[in-house]
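One letter stands for each residue in the lines below.
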Amino acid sequence: MPSFSVSVAAGIAILAAAVYKLIIYPAFLSPLSKIPAANWTVHFTSLWINYIRYTNVENATVYELHKKKGPIVRMGPAELSVNCYEGGLKTIYTGGFPKTEFYINRFMNYGDIKNMFCFIDSKTHSTRKRMLSNVYSKSVVLASPTARATSKAILYDRLLPIFQISSDSKNAIEVHSLDYAYAMDTFMAYQFGLDIGTNFIQDVEKRKRYLHLFFSRRPYLFWTTELPKFTAWMHRLGVRLVPQWVDDATVALETWNLDVCDKAEALLSSPAAGSTPAISYPAIYAVERAKFQEADLKLPPQMTAKDPRQTYPRRLDIASDMYDHNAAAHETSGDTLTWLYYEMSLRPALQKQLRDELLTLAPPILFPTPSADFELPDPKKVDALPLLDAILQETLRRWVSVPGGQPRVTPGVCSLAGYDGIPGGVRVQSAAYTLHRNPEVFPDPEAWKPERWLDASVDELNEMKRWFWAFGSGGRMCIGNNIAIHSMKHAIAGIYTNFTTTVVDAEGIEQDDGFTAGPKGNKLWLQFHHV
Ligand code: HEM
């Protein structure tokens, strides 16, 4: 039996070690302790940052902190927020720091099927990204017969007639939900072809059901994304932090996406696949399917999936990517379009200026079509219009639809924003919301000013491009930016060639908080007037 004094000594030693590890080292000796802290608690605990995330005020809070404390702020015992280019974006994102579990927790589909967005291992990620980078590249998108044919059909048969009705009837339209529908329809038409893709513009009931299933889960994502182990323990103890209906909604969305993929698979497996017209061709699905077939030929048979759900090769791997992509497409582009129409609707003179530019297209995107054999103008010409480009660019800056932190982890000891010796395993992240509000790069940052992109000197423009982060940067930069820009520019061009818009109700137009975030009010009512 140890004597009383030995037990006391052991107790004191354990207590001293705990005090050193949990208080003295993190607060005074760790290299992270030299970095300005959000508040005194963050040296010891993640409670504060989790509370900020849970209450959905992270972007606004991080922005205020950087204004007060400079380009790097400690947000937790092993977490930093970084807001600079040199020693920040360049080191972390162009330098290829790996993604964190955040992405797996939030973006993995079908239970355990990862996709390009959430792979952490860089080799697996780059192999997958290489499969699709060509079909999403600017040159391929702008030359794609499928993108061109489907854009025309969606603009002329679905979207523009709705605005014509608003103009004729003098009834305002709620455009926000319609913007999600347009973004989804154009993206899925490229992904799966017009016939298999959605028609959410016209099928309002299906659209509402999809958007309800998709967005109603949002308030619960904090638990599964940031505290997945705690959430699972609580579930085992009988406390559901995430209600059953949230899981059911996820399954319903995944099942819907799988059904769409199965249709594309049936089309491409049929003997008539080769004669599918461009407008019906599942351009993205077909590429990933072909790349997997090519890669799988090189694998021994036991390496190919044995999951009973894989009723044809790579069914779930492809579906996980396809689901991730169409989800990414409708939300981000839909939100962007809503804010763009809002800003334009406040500026009749700018609408006129844009219309004059759009009328220089040969042919202009006139509605109704002037002739039966009308074709859309060359997409390269649409893409190159300077004012249209500046208007979209400024919307993506001021109203960035992925405003939240993009977490990465330090791969080893490194320096960030002038601080050395930052150890490996620290969560580091930058956020476009704050980067886009740097007044030295974007003077008067809260103002929506497309002209800043047109009037800037070469040096100013280069600096603005370095800080512009709507699509992220580096190896994990958005793969869908070109198809998104193609889709959005065609909608804007179609509308402002033919209509003027005025705001009827913009209550709640201000941006919500979150990793992705749309207008708080989830609506925008506009009146369209045919010119
Ligand atoms: C306005 C439209 C869009 C915006 C603003 C946007 C924004 C972003 C951002 C900021 C990232 C980096 C996220 C991070 O690392 O945390 C990203 C990545 C990604 N985006 Fe987009 N996106 C848009 C449209 C699309 C579309 C249409 C697709 C469809 C393919 C897409 C697919 C992806 C994928 C797969 C990644 C992950 C890339 C990788 O990990 O290598 N996005 N996007």
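Procedures and definitions
Residues numbered from 1 in each chain as written. Predicted model: local features only at pLDDT ≥ 70, side-chain atom pairs only at ≥ 80, totals over all residues. Heavy atoms only, no water. Helix = DSSP H or I, 4+ residues; strand = E, 2+ residues; numbered from the N terminus. Rg over C-alpha atoms; globule rule 2.2 N^0.38 Å. Buried < 20%, exposed > 50% of the residue type's maximum accessible area, 1.4 Å probe, protein only. Contact = heavy atoms within 4.5 Å. Areas by Shrake-Rupley, 256 points an atom, 1.4 Å probe, with all protein chains shown as cover. Lys, Arg positive; Asp, Glu negative; His and termini not counted. Charge placed at Lys NZ, Arg CZ, Asp CG, Glu CD. Pairing = 2+ DSSP bridges. Axes fitted to C-alpha atoms, helices over the stretch in contact; angles between N-to-C directions. UniProt positions renumbered as here; feature names shortened; annotations may be inferred.

### Overview of the overall build of the chain
Of regular secondary structure, the chain possesses 22 helices and nine strands. Relative to the 2.2 N^0.38 estimate, which gives 24 Å for 531 residues, the radius of gyration of the chain is 25 Å and therefore close to what a compact globule would have. Burial statistics for the chain: of 531 residues in total, 54% are counted as buried. Long-range pairs, those at least 24 residues apart, make up 74% of the contacts in the chain between residues at least 6 apart in sequence. When the accessible surface of the chain is totalled, it reaches about 23,500 Å², and 61% of it is carbon and sulfur. For the chain, the distance from the average position of its 55 positive side-chain charges to the average position of its 54 negative side-chain charges is 5 Å.

### Some thoughts on the pairing of strand β1 (residues 72-76)
Within a regular strand, the side chains alternate between the two sheet faces. In terms of burial, β1 is largely enclosed, as five of its five residues are buried. Summarising the sheet, β1 and strand β2 (residues 79-82) pair through four bridges and their orientation is antiparallel. Among the inter-strand pairings, R74 is bridged to a residue of β2, identified as L80. Counted along the chain from β1 to the antiparallel partner β2, the turn is two residues long.

### Observations concerning the sheet that holds strand β7 (residues 427-431)
The mixed open sheet is built from four strands, whose spatial order is β1-β2-β7-β4. A strand with exactly one partner marks an edge of an open sheet, and here the two such strands are β1 and β4 (405-409). Within the sheet, the average angular offset between the axes of one strand and its neighbour, ignoring direction, is 30°. Summarising the sheet, β4 and β7 pair through five bridges and their orientation is antiparallel. From the neighbouring strand, V409 faces β7, where its bridge partner is R427.

### Concerning unusual backbone geometry
The peptide bond linking A362 to P363 adopts the cis configuration, its omega dihedral lying at -5°. For the bond from F367 to P368, the omega torsion is -5°, close enough to zero to count as cis. You can see P368 is positioned in the loop between α16 (348-358) and α17 (379-383). Even without being glycine, Y110 reaches a positive phi, approximately 55°. Position of Y110 among the secondary structure elements: in the loop between α5 (101-107) and α6 (122-133). Note on Y110: relative accessible area 7%, which makes it buried.

### Points about the UniProt feature "binding site: heme" (unreviewed entry) in the chain
On the UniProt side, "binding site: heme" (unreviewed entry) is annotated at positions that read C478 here. Residue position: C478 is located in the loop between α21 (458-467) and α22 (481-498). Note on C478: relative accessible area 34%, which makes it partly exposed.

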